[in-house]
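Secondary and tertiary structure notes
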Amino acid sequence: MTLPTKSKKYIGLVLICLASCALVYIFYRPEASLINIFLNLFMPDSFLVFKESVRNLIPLNETIIYSLPGGLWVFSATIVSRNLGLKVAERFINLEWLPMTFALWLEALQYFSLIKGRFDMVDILLVLVCGLGAKFLFARHENRITSFSWQSQQSVAFALVFLCVFMAHVFE
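This structure is a prediction, so every number in the text was calculated from the model and none was measured.

Reading guide: rules and limits
- Residues numbered from 1 in each chain as written.
- Predicted model: local features only at pLDDT ≥ 70, side-chain atom pairs only at ≥ 80, totals over all residues.
- Heavy atoms only, no water.
- Core = buried A, V, L, I, M, F, W, Y, C linked by side-chain atoms within 4.5 Å.
- Buried < 20%, exposed > 50% of the residue type's maximum accessible area, 1.4 Å probe, protein only.
- Helix = DSSP H or I, 4+ residues; strand = E, 2+ residues; numbered from the N terminus.
- Phe/Tyr/Trp six-rings, centres within 6.5 Å; stacked < 30°, edge-to-face > 60°.
- Salt bridge = Lys/Arg side-chain N within 4 Å of Asp/Glu carboxyl O.
- 1 Å grid on protein atoms, 1.4 Å probe; cavity = no way out; pocket = protein on both sides within 12 Å on 5 of 7 lines; lining within 4 Å.
- Points joined across faces, edges and corners; volume = space filled by probe spheres on them.
- Nonpolar A, V, L, I, M, F, W, Y, C, P; charged D, E, K, R; others polar.
- Pairing = 2+ DSSP bridges.
- Axes fitted to C-alpha atoms, helices over the stretch in contact; angles between N-to-C directions.
- Parallel < 35°, antiparallel > 145°, perpendicular 65-115°, else oblique.
- Contact = heavy atoms within 4.5 Å.

1. Some words on the nonpolar core
In terms of nonpolar packing, the biggest core is built from 35 residues, with W73, F75 and I79 touching the most fellow members. Those elements that provide at least two residues to this core are α2 (11–28), α3 (34–42), α4 (46–57), α5 (62–80), α6 (98–111), α7 (121–137) and α8 (153–167). Here the element with the most residues in this core is α2; it accounts for nine residues.

The following block contains the structure:
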């Protein structure tokens, strides 16, 4: 099964958002994040010097470094998951709400210090704005839900977008 035509229309936007997240993760997030651990296995030591040069040349504020990627990720995941459902007990659960719910759940776990990270109201605001923006600005007008399947390009893309969140996890 291929991605629905309307989803293909937004692939470029999703890729730009995810690439922006990746660049922030690589150049501005701690070296103990999973993506940087993987990169350090394959990149020469001089790459660390290059990363420091980028940080000095293009300084970013903390909101862009620590909050914006979460909003962009939710935006991307919401677009990719449009009309995608998971069949549970003969019912379809609409996965469009999962990215926003997952991100808010992570913030709640940070608030209670159950996972690493810093609870931040700006994170919550960006997750809500980006998630609801993707949901309603790029809404589909069809009621058909596609079942999640590993043979579906849309399902695989959805899983890969969720992998992006894991790549930002810090192991310290």
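2. Some words on the packing of aromatic side chains
Here the structure, examined in full by the defined rule, presents eight aromatic pairs. Note on F27 and F47: the rings are 6.1 Å apart at their centroids and 55° apart in plane angle, and the pair reads as tilted. Of the two residues, F27 is situated in helix α2 and F47 in helix α4; the sequence distance between them amounts to 20 residues. Each member of the pair, F27 together with F47, is buried. Ring pairing ties together the aromatic residues F27, F47 and F50, which thus form one cluster.

3. Side note on the pattern of salt bridges
Under the criterion given, the structure shown has six salt bridges. For E31, the salt bridge goes to K51, with nearest N and O atoms at 2.8 Å. With a gap of 20 residues between them, E31 in the loop between α2 and α3 and K51 in helix α4 connect regions that are remote in the sequence. You can call E31 partly exposed: its relative accessible area is 30%. For the salt bridge of R118 with D120, the shortest nitrogen-to-oxygen distance reads 3.5 Å.

4. Points about the layout of surface pockets
There is about 880 Å³ of room inside the largest pocket. Taken together, 27 residues form the lining of the largest pocket, with R29, Q110, K116, G117 and A168 sitting closest to its centre. Sorting the residues of the lining of the largest pocket by element identifies α5, α6, α7 and α8 as the ones contributing at least two each. Counted by class, the lining of the largest pocket contains 14 nonpolar, six polar and seven charged residues.

5. Here we look at the pairing of strand β2 (residues 91–94)
Where strand β1 (residues 84–88) meets β2, four bridges bridge the pair, whose relative direction is antiparallel. Its bridge partner being in β2, G85 is matched across the sheet by N94.

6. Some words on the packing of α5 against α6
For the pair α5 and α6, the least separation of the axes is 8 Å and the interaxial angle reads 150°. On the basis of their axis angle, the class for α5 and α6 is roughly antiparallel. Contact residues: α5 offers W73, V74, A77 and T78, while α6 offers P99, M100, F102 and A103. The residue makeup of the contact of α5 with α6, split by class, is seven nonpolar, one polar and no charged.

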